[in-house]
Amino acid sequence: DSGVTQTPKHLITATGQRVTLRCSPRSGDLSVYWYQQSLDQGLQFLIQYYNGEERAKGNILERFSAQQFPDLHSELNLSSLELGDSALYFCASSPGFGQLSNTEAFFGQGTRLTVV
Amino acid sequence: DAKTTQPTSMDCAEGRAANLPCNHSTISGNEYVYWYRQIHSQGPQYIIHGLKNNETNEMASLIITEDRKSSTLILPHATLRDTAVYYCIVRVLTGTASKLTFGTGTRLQVTL
């Protein structure tokens, strides 16, 4: 158990819909990352938050958005869903500050999104 | 972040050492080498990381060449449960944590 919790584990929805994926980081971790992994594809970095602020952005579509709340949990919002958005979505967290900034990042078990 | 090059796949017999190479010839002085693995569709699992010295933990050893242009992850006694995709990542050192950029990794198959 990495200590990173993602909900829901599975999600099936129709095209055009909007969903929210939730991530609770490990206790005390300030940095949260979101990744997308399509079928047989690598892990694509989407976005990083650090203590509530956006820190880095990857190949995140404009239909997608994220935020990190004061309690440090994060949500990834996916809207106007298309079939191609079907993927595993992973969240990771790390302490993210000072000498601990380059410790390991711990990943959750992911949310499997299926768009039909 | 510097790019990495890894073999697409490798096989290893159970009980033998698995040596997974990684080239990172454009690595900068402030970049660490990280290794993660992903078993089936589970969340990636941290294995080990280092800057320039060799590192060892309960899972593996990391050997980084003196010029830091390549490294090798060593699983000393591979088991079937080590079958996974192994990712070598270089990650810049900053005051706040930077993202991990995953490549295509090496698919390690451990066989009986």
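In what follows, the structure referred to is the one given above.
(A) Molecular detail of the overall build of chain A. The number of helices and strands found in chain A is zero helices and eleven strands. Listing each helix as α and each strand as β along chain A from the N terminus yields β-β-β-β-β-β-β-β-β-β-β. For chain A, the C-alpha radius of gyration of 14 Å lies close to 13 Å, the compact-globule estimate for 116 residues. Principal-axis analysis of the C-alpha atoms gives chain A an extent of 45 × 25 × 25 Å. For chain A, buried positions account for 50% of its 116 residues. Within chain A, residue pairs in contact and separated by at least 24 positions form 56% of the contacts whose partners lie at least 6 positions apart. Total accessible area on chain A stands at roughly 5,500 Å², and carbon and sulfur atoms take up 47% of it.

(B) Structural detail: the sheet that holds strand E8 (residues 74–78) of chain A. Residues and elements named next belong to chain A. In spatial order, the strands read E1-E3-E8-E7; together these four strands make up an open sheet with antiparallel pairing. The sheet is open, and its two borders are formed by strand E1 (5–7) and strand E7 (64–68), each paired with just one other strand. Across the sheet, the mean angle separating the axes of adjacent strands is 15 degrees when strand polarity is ignored. Bridge count between E7 and E8: five bridges; the pairing is antiparallel. Across the sheet, residue Ser65 finds its bridge partner in E8, namely Asn77.

(C) Examining the pattern of salt bridges more closely. This model, assessed by the stated rule, comprises four salt bridges over all chains. Note that Arg63(A) is salt-bridged to Asp85(A), the shortest N-O span being 2.8 Å. Here Arg63(A) is found in the loop between strand E6 (53–57) and E7, whereas its partner Asp85(A) is found in the loop between E8 and strand E9 (87–94), with 22 residues between them in sequence. Note on accessibility: Arg63(A) and Asp85(A) belong to one class, buried. The salt bridge involving Asp82(B) is made with Arg37(B); its shortest N-O contact spans 2.8 Å. One end of the pair, Asp82(B), is in the loop between strand E7 (70–75) and strand E8 (84–92); the other, Arg37(B), is in strand E3 (residues 31–38), and 45 residues separate them in sequence.

(D) Just the layout of surface pockets, in detail. Taken as a whole, the largest pocket holds about 630 Å³ of empty space. Forming the boundary of the largest pocket are 25 residues, of which Gln37(A), Asp40(A), Gln41(A), His40(B) and Arg107(B) lie nearest the centre. For the lining of the largest pocket, the elements supplying multiple residues, two or more each, are E9 and strand E11 (111–115) of chain A together with E8 and strand E9 (106–111) of chain B. Considering only enclosed or pocket space, the second largest pocket measures out at about 400 Å³ in volume. If you trace the second largest pocket, you find 19 residues lining it, with Asp1(A), Ser2(A), Phe107(A), Gln109(A) and Gln45(B) closest to the centre. Counting residues per element, the ones that place at least two in the lining of the second largest pocket are E1 and strand E10 (106–107) of chain A together with strand E4 (45–50) of chain B. Here the lining of the second largest pocket is built from residues that sort into seven nonpolar, eight polar and four charged.

(E) Representation of the nonpolar core in the model. Leu20(B), Trp35(B), Leu73(B), Leu75(B), Tyr86(B) and Leu108(B) are the most contacted members of the largest nonpolar core, which has 21 residues in total. Counting only elements with at least two residues in this core, the list comes to strand E2 (18–23), E3, E4, strand E6 (61–64), E7, E8 and E9 of chain B. The dominant element in this core, judged by the number of residues it contributes, is E8(B), at four residues. If we skip the residues at most four places from it in the chain, Leu108(B) touches Met10(B), Asp11(B), Cys12(B), Ala18(B), Leu20(B), Leu75(B), Asp82(B), Thr83(B), Ala84(B) and Tyr86(B). Counting residues in hydrophobic clusters, the runner-up holds 20 residues, among them Val19(A), Trp34(A), Ala87(A) and Leu113(A).

(F) The side chain of His49(B), seen in detail. Residue placement: His49(B) occurs in strand E4. Within the structure, His49(B) has its side chain in polar contact with the side chain of Tyr46(B) (distance 2.7 Å).

(G) Local environment of the side chain of Glu31(B). Residues and elements named next belong to chain B. For Glu31, the location among the structural elements is in strand E3. For the buried Glu31, no salt bridge is present, and the opposite-charge side chain at shortest range is Arg68, 5.9 Å distant. Of the polar contacts made by the side chain of Glu31, one reaches the backbone nitrogen of Ser28; its length is 2.7 Å.

Definitions and cut-offs
Residues numbered from 1 in each chain as written. Chains lettered and ligands numbered in written order. Predicted model: local features only at pLDDT ≥ 70, side-chain atom pairs only at ≥ 80, totals over all residues. Heavy atoms only, no water. Helix = DSSP H or I, 4+ residues; strand = E, 2+ residues; numbered from the N terminus. Rg over C-alpha atoms; globule rule 2.2 N^0.38 Å. Buried < 20%, exposed > 50% of the residue type's maximum accessible area, 1.4 Å probe, protein only. Contact = heavy atoms within 4.5 Å. Areas by Shrake-Rupley, 256 points an atom, 1.4 Å probe, with all protein chains shown as cover. Pairing = 2+ DSSP bridges. Axes fitted to C-alpha atoms, helices over the stretch in contact; angles between N-to-C directions. Salt bridge = Lys/Arg side-chain N within 4 Å of Asp/Glu carboxyl O. 1 Å grid on protein atoms, 1.4 Å probe; cavity = no way out; pocket = protein on both sides within 12 Å on 5 of 7 lines; lining within 4 Å. Points joined across faces, edges and corners; volume = space filled by probe spheres on them. Nonpolar A, V, L, I, M, F, W, Y, C, P; charged D, E, K, R; others polar. Core = buried A, V, L, I, M, F, W, Y, C linked by side-chain atoms within 4.5 Å. Polar contact = N/O pair within 3.5 Å; in protein donor to acceptor, adjacent residues only side chain to side chain. Lys, Arg positive; Asp, Glu negative; His and termini not counted.

None of the figures reported here should be taken as evidence of function without further support.
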